[in-house]
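Descriptive analysis of the structure
Chain by chain, the residues:
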Amino acid sequence: MTQTPEASTVQDQVPESERRRRRTRLHRAWFVAAVTFVTILGAAAFRSLPGLLIDPLHQEFHWSRGTIGLAVSVNLALYGLTAPFAAALMDRFGIRRVVAIALLVIAIGSGTTVWMTAAWQLILCWGLLVGLGSGSMALAFAATVTNRWFTERRGLVTGILTAASASGQLIFLPLLSWIVSEHNWRPAAVTVALAALAVVPFVWLLLRDHPADVGLKPYGSPEFVEKPPPVPGAARRTVNVLFSAARTGPFWLLAGTFAICGASTNGLIQTHFVPAAHDHGMPITAAASLLAVIGVFDVVGTIASGWFTDRFEPRRLLAVYYALRGVSLLFLPMLLAPSVQLPMLFFIVFYGLDWVATVPPTLALCREQYGDDSAIVFGWVLASHQVGAALVAFLGGVARDTFGSYDVVWYASGALCAAAALMALVIRRRPGAKVALA
């Protein structure tokens, strides 16, 4: 796209010394990425809590684990199903408005759980409200920011923004597990609500929707890109993009692999690892700390995956990631014990490196296959991720109630990961498409 006359006029009015200073200083895109990172970081607090609530809610209200898992599954499903519509709403109303409202909805949903007395209220507050709010804060948000503000280093930036969620888990899991253990679950729910509220001022004051808003080119772009006009009919466009993408084979392969990704991470480990470890005599705080360690290595693994995605074939990266994850899950039942042993630490490190390393290559394939609609397509692919997570969050609780352990869930998830590795390898490359290198 060529530079518009209006943009030329604005830039001609800037003194030459100021233009030289702009060329040498850090590009504004990195500051926007930093605000996005902090936003996702703060919102990650609510994602750290569900696995810690299963046992306390079961003990206080005598609800079955399947019932509690149903509320978590509604949350996870809405997290995914809202994401593609949120990406379209960001095109229509701007990133700042959508994200700020989403954070407020999260705060309301989490905060009102302290007054609940029935299971349907858990489903309404934690499942519906927090699910809708979190869906607007999903990875489609990171994809929109990356697509608008960067033409180079997209894989790296995607990895960094994806790692923000794991960093939030790292910060909040030990704190929330301590609060649950020492003061019960209600103060933990209030903490999550306050964390979401604290991020709202950062979003409203510091985030910008497009480089053109501040008279800049996207990072790495040789040309000024005019800000597109608001896109009306967000819901209609979102559905139309789905129908168009659904007529292509790569969409179903990407959706299928990402559904298995969600089943084996958010649905399985994040929801059921703590109660499963507690079944073997491990204290809740110790199990939550292991999840936090997963968050540490997830940051490293996801950023590294973004760097690899800028340089290597994303299909092969996905196949390797899923195959290694499946192997690790097959060994997990043998590693659970009352205390943390060295083999368990090795699993935590290994699994952490692979936790959401799948996101950068999956987003790169969406961008390669679907171009300007890639953020919305990725939102639908993310919806499949959360549907897979929701199914396992529910079925994992049912399996625990039925069989008295989680072993069958670990083995089934390992087999699914092997299938995902094979699916990734058969995604065809779009003719003439190239994955940008750093």
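Residues numbered from 1 in each chain as written. Predicted model: local features only at pLDDT ≥ 70, side-chain atom pairs only at ≥ 80, totals over all residues. Heavy atoms only, no water.

The next thing to look at is the nonpolar core. One finds Leu49, Leu52, Leu57, Ile269, Phe273 and Met344 to be the most contacted residues of the largest nonpolar core, which totals 89 residues. Sorting elements by how many residues they give to this core places helix α18 (residues 374-403) first, with 10 residues. In contact with Leu52, other than residues within four places in its own chain, are Leu173, Leu176, Ser177, Val180, Val274, Ile284 and Ala288. (Core = buried A, V, L, I, M, F, W, Y, C linked by side-chain atoms within 4.5 Å. Buried < 20%, exposed > 50% of the residue type's maximum accessible area, 1.4 Å probe, protein only. Helix = DSSP H or I, 4+ residues; strand = E, 2+ residues; numbered from the N terminus. Contact = heavy atoms within 4.5 Å.)

Structurally, the position occupied by Thr144 is in helix α8 (residues 139-149). Contacts of Thr144, omitting those with residues within four sequence positions, involve Ala87, Met90, Ile95 and Ala375.

Quick look at the packing of helix α5 (residues 65-93) against helix α7 (residues 119-136) now. Where α5 meets α7, the axes come as close as 6 Å, and the angle between the chain directions of the two elements is 30 degrees. It follows that α5 is roughly parallel to α7 by the angle criterion. Remark: the crossing between α5 and α7 carries right-handed chirality. Of the residues in α7, those in contact with Thr67, Ile68, Leu70, Ala71, Val74, Asn75, Leu78, Tyr79, Thr82, Ala83, Ala86 and Met90 of α5 are Ala119, Leu122, Ile123, Trp126, Gly127, Leu128, Val130, Gly131, Leu132, Ser134, Gly135 and Ser136. Partitioned by chemical class, the residues of the contact of α5 with α7 number 16 nonpolar, eight polar and no charged. (Axes fitted to C-alpha atoms, helices over the stretch in contact; angles between N-to-C directions. Parallel < 35°, antiparallel > 145°, perpendicular 65-115°, else oblique. Left-handed = near helix turned anticlockwise from the far one by under 90°. Nonpolar A, V, L, I, M, F, W, Y, C, P; charged D, E, K, R; others polar.)

The next thing to look at is the layout of surface pockets. Estimated volume of the largest pocket: approximately 780 Å³. Lining the largest pocket are 29 residues; nearest its centre among them are Asp91, Asn147, Arg148, His210 and Pro228. Listing elements by their share of the lining of the largest pocket, those giving two or more residues are α5, α8 and α18. For the lining of the largest pocket, the residue count by class is 12 nonpolar, seven polar and 10 charged. (1 Å grid on protein atoms, 1.4 Å probe; cavity = no way out; pocket = protein on both sides within 12 Å on 5 of 7 lines; lining within 4 Å. Points joined across faces, edges and corners; volume = space filled by probe spheres on them.)

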